[in-house]
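The lines below spell out each chain.
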Amino acid sequence: MSAIFIKTAGLGPHAFVAVALSKRALSAYRLSFGAAALAAAINSVFGLLVAWVLVRYDFAGKRVVSALVDLPFALPTAVAGIALTALYAPTGWIGAWLPVKVAFEPLGVVVALTFIGLPFVVRTIEPVLADLGTDVEEAAASLGAGRAQTVVRVVLPAILPALATGFALAFARGVGEYGSVIFIAGNLPYRSEIAPLLIVQQLEQYNYRGATAIAATMLAASFAVLLAINLLQAWDRRKMAA
Amino acid sequence: MTGSASTSEPRWLRFVLITIALAFLAVNLALPLAAVFAGALAKGLAVYRSAIVEPDARAAMRLTLTVAAIAVPLNIVFGLTASWAVTKFDFPGKSLLISLIDLPLSVSPVVSGLIYVLLFGLQGWAGPWLRDHDIRIVFAVPGIVLATTFVTFPFVARELIPLMLEQGRSDEEAARSLGASGWQTFVRVTLPNIRWGLLYGVLLCNARAMGEFGAVSVVSGHIRGLTNTLPLHIEILYNEYNYVAAFAVASLLAGLALVTLVAKSLLEWRFGDSIAGGGH
């Protein structure tokens, strides 16, 4: 890991800016971080819903559904990539029904990252929700809170740190994701090209320094985001303790 | 689970929530899985069969199995050692070690592969020495094994650490006080206690080892029949517009994923208590 930063340091500021902060690289970061944030947000909503349904309700086939949630962990990313591309291509099972183009567009990146990130959110929230039990909810209800009020004021704050952690894990995975994205993205420069792909392209041209400069920028940004989320969680814990 | 009206939702709302959740999972997870098998069988069984028995596909299969056969046992040893050290002993820098274990999960696989190119590539730190001694690591099988081992390292340790923390040290202390040696304690006490959690971690580790794409893609050099793993072979076929063959090879890996999920669910169902603390 330190090899990356040492190699970057040997590059000199001008060369670094020319590669790592070029217009093409900037639009790639924007896509990688933006699509990862959007996909993590979608997964926070649906992941919370899936975790809630799995922990709190009984229904037929629950065990199969629970196993299916882990599919993105077990399915190789290249397989996921070509499958999603086939589904969302203009002639695909889903693409044919959609009014907007998804495959080979930035939206395709969001679709792939949503697939990849779901289990991170569900598996982080599930144990917290199961541990929570219903006694605090009963207490809230006996004090006259309505069901909606109980969920928003009692349950949601208790699982917020887990939700933030799940978001962070899905986001971090999404920013670096390569295999599932390159098939569906179309990889048009300035439009649907992700940052990890730029690294691979620099490597294919044997430009190791350029590849390393982009990698260092991505690593630094990822560390910054992870730090921010850690601080957020520490603040949340203080709030809970108070 | 059901409870009174004050701690649960009305029947219609429960039905709506379950329906939305299932619809999301069906579109997002089940459909892609179905698309793999549909794509593989689009031109019938004969075409499917010939895509799988073709020599390049068989070479890719052999390489993927070889890489997993080296990377998984290595990570069993590393994972066991790391979790044993972290949970049974106290030492300075312990929390740093715990965060280092998770590092490969939060770094882009492409960056993981890049690290090995920087270290062992021709222009890398060890590059000239390796060239003089005629050792090839990058763009050869050793690089693929190294990158795969790095990327799959956290899976075993992450399953074991919470489990071993929960079990505490009292069993080991009892064994030691009765005169067992350190190795005896490990083999006769610790290992049986964690065997199902270990198996669970190995399953996940193996699935990722056989399916890793980004890191392997960077270090492999894509030499057909020599340094192509199954996922890289899928990419080549797909980029040649040979979709049926790409999906046929992909269906093998999808089958592996399904076997992994079934085995994982059986473990959770049968031995839920002795793999507790797991999850992600």
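About the cut-offs
Residues numbered from 1 in each chain as written. Chains lettered and ligands numbered in written order. Predicted model: local features only at pLDDT ≥ 70, side-chain atom pairs only at ≥ 80, totals over all residues. Heavy atoms only, no water. Helix = DSSP H or I, 4+ residues; strand = E, 2+ residues; numbered from the N terminus. Buried < 20%, exposed > 50% of the residue type's maximum accessible area, 1.4 Å probe, protein only. Contact = heavy atoms within 4.5 Å. Areas by Shrake-Rupley, 256 points an atom, 1.4 Å probe, with all protein chains shown as cover. Domains from an automatic or database assignment. Buried area = accessible area lost by both parts, 1.4 Å probe. Salt bridge = Lys/Arg side-chain N within 4 Å of Asp/Glu carboxyl O. Polar contact = N/O pair within 3.5 Å; in protein donor to acceptor, adjacent residues only side chain to side chain. Nonpolar A, V, L, I, M, F, W, Y, C, P; charged D, E, K, R; others polar. Patch = residues over 30% accessible without salt bridge, like charges linked within 9 Å, V, L, I, M, F, W, Y side chains within 5 Å. Core = buried A, V, L, I, M, F, W, Y, C linked by side-chain atoms within 4.5 Å. Expected span 1.5 Å × (residues − 1).

Turning to the overall build of chain B, a few remarks are in order. Each helix and strand counted, chain B has 12 helices and zero strands in total. Counting from the amino terminus, chain B carries its helices and strands in the arrangement α-α-α-α-α-α-α-α-α-α-α-α. In terms of its C-alpha atoms, chain B occupies a principal-axis envelope of roughly 65 × 60 × 30 Å. Split into buried and exposed, the 280 residues of chain B put 49% on the buried side. Expressed as a percentage of contacts within chain B between residues at least 6 apart in sequence, the contacts between residues at least 24 apart total 73%. Carbon and sulfur atoms form 67% of the exposed surface of chain B, whose accessible area is close to 13000 Å².

We now examine the domain arrangement of chain B. Residue and element names in this part refer to chain B. Here chain B is partitioned into domain 1 (1-40) and domain 2 (44-279). Taking the mean C-alpha position of each, domain 1 and domain 2 sit 31 Å from one another. Area buried by domain 1 at its contact with domain 2 is led by Val36, Phe37 and Ala40, which between them contribute 70% of it. Counting across the domain 1 and domain 2 interface gives zero salt bridges. Run the count over domain 1 and domain 2 and you get zero residue pairs in polar contact (both at pLDDT 80 or more). Tallied by class, residues from the side of domain 1 that touches domain 2 come to five nonpolar, one polar and no charged.

Bringing a nonpolar patch on the surface into the picture now. All names here are of chain B. On the surface, Trp12, Phe15, Val16 and Ile20 cluster together into a nonpolar patch covering about 440 Å² of accessible area. Position of Phe15 relative to the elements: it lies in helix H1 (residues 11-40). You can call Phe15 exposed: its relative accessible area is 60%.

The next thing to look at is the nonpolar core. Within the largest apolar cluster, 128 residues are counted, with the highest numbers of intra-cluster contacts made by Ile4, Leu75, Tyr88 and Ile199 of chain A. For this core, the leading source of residues is helix H3 (residues 23-56) of chain A, giving 17 residues. Look past the residues within four positions of Tyr88 of chain A in its chain and what remains in contact with it is Ile94, Gly95, Leu98, Val102, Ala103, Val111 and Ile184 of chain A together with Val27 of chain B. Ranked by size, the runner-up nonpolar core spans 16 residues in total, among them Val156, Leu163, Phe186 and Ala209 of chain B.

Here we come to the interface of chain B and chain A. Taken together, the 63 residues of chain B in the interface contact 68 residues of chain A. Approximately 6000 Å² of surface area, both sides summed, lies buried where chain B meets chain A, with 79% of it carried by carbon and sulfur atoms. Inspection of the chain B/chain A interface yields two salt bridges. Its salt-bridge partner being Lys264 of chain B, residue Asp70 of chain A comes within 2.3 Å of it at the nearest N-O pair. Every element with two or more residues in the side of chain B that touches chain A is listed here: H1, helix H4 (94-106), helix H5 (109-120), helix H9 (182-211), helix H10 (214-220), helix H11 (230-239) and helix H12 (243-271) of chain B. Ranked by residues supplied to the side of chain B that touches chain A, first place goes to H1 of chain B with 19 residues.

This paragraph deals with the pattern of salt bridges. Scanning the entire structure with this criterion turns up 15 salt bridges over all chains. For the salt bridge of Glu137 of chain A with Arg147 of chain A, the shortest nitrogen-to-oxygen distance reads 3.1 Å. Taken together, the residues Glu137 of chain A in helix H8 (residues 135-142) and Arg147 of chain A in helix H9 (residues 147-176) connect sequence positions 10 residues apart. Classification of Glu137 of chain A as buried rests on a relative accessible area of 0%. One salt bridge connects Arg208 of chain B with Glu212 of chain B, and the closest N-O pair in it is separated by 2.8 Å. Across this residue pair, the class does not change: Arg208 of chain B and Glu212 of chain B are buried. Because the salt bridges share partners, they merge into one network encompassing Asp70, Arg123 and Glu126 of chain A together with Lys264 and Glu268 of chain B.

What follows covers H5 of chain B. All names here are of chain B. The first and last C-alpha atoms of H5 sit 17 Å apart over 12 residues, in line with the 16 Å expected at 1.5 Å per residue. Counting buried positions over the 12 residues of H5 gives 10, a clear majority of the element. Among the residues of H5, Pro109, Val110, Val111, Ser112, Gly113, Leu114, Ile115, Tyr116, Val117 and Leu118 are the ones counted as buried.

Now for the side chain of Glu177 of chain A. All names here are of chain A. Residue placement: Glu177 occurs in the loop between H9 and helix H10 (179-185). In this structure Glu177 comes out as buried when scored by relative accessible area, which is 2%. A polar contact of 2.9 Å, which involves the side chain of Glu177, links it to the side chain of Ser180. Here Glu177 is in contact with Thr77, Leu113, Ile116, Ile194 and Pro196, once residues within four sequence places are set aside.

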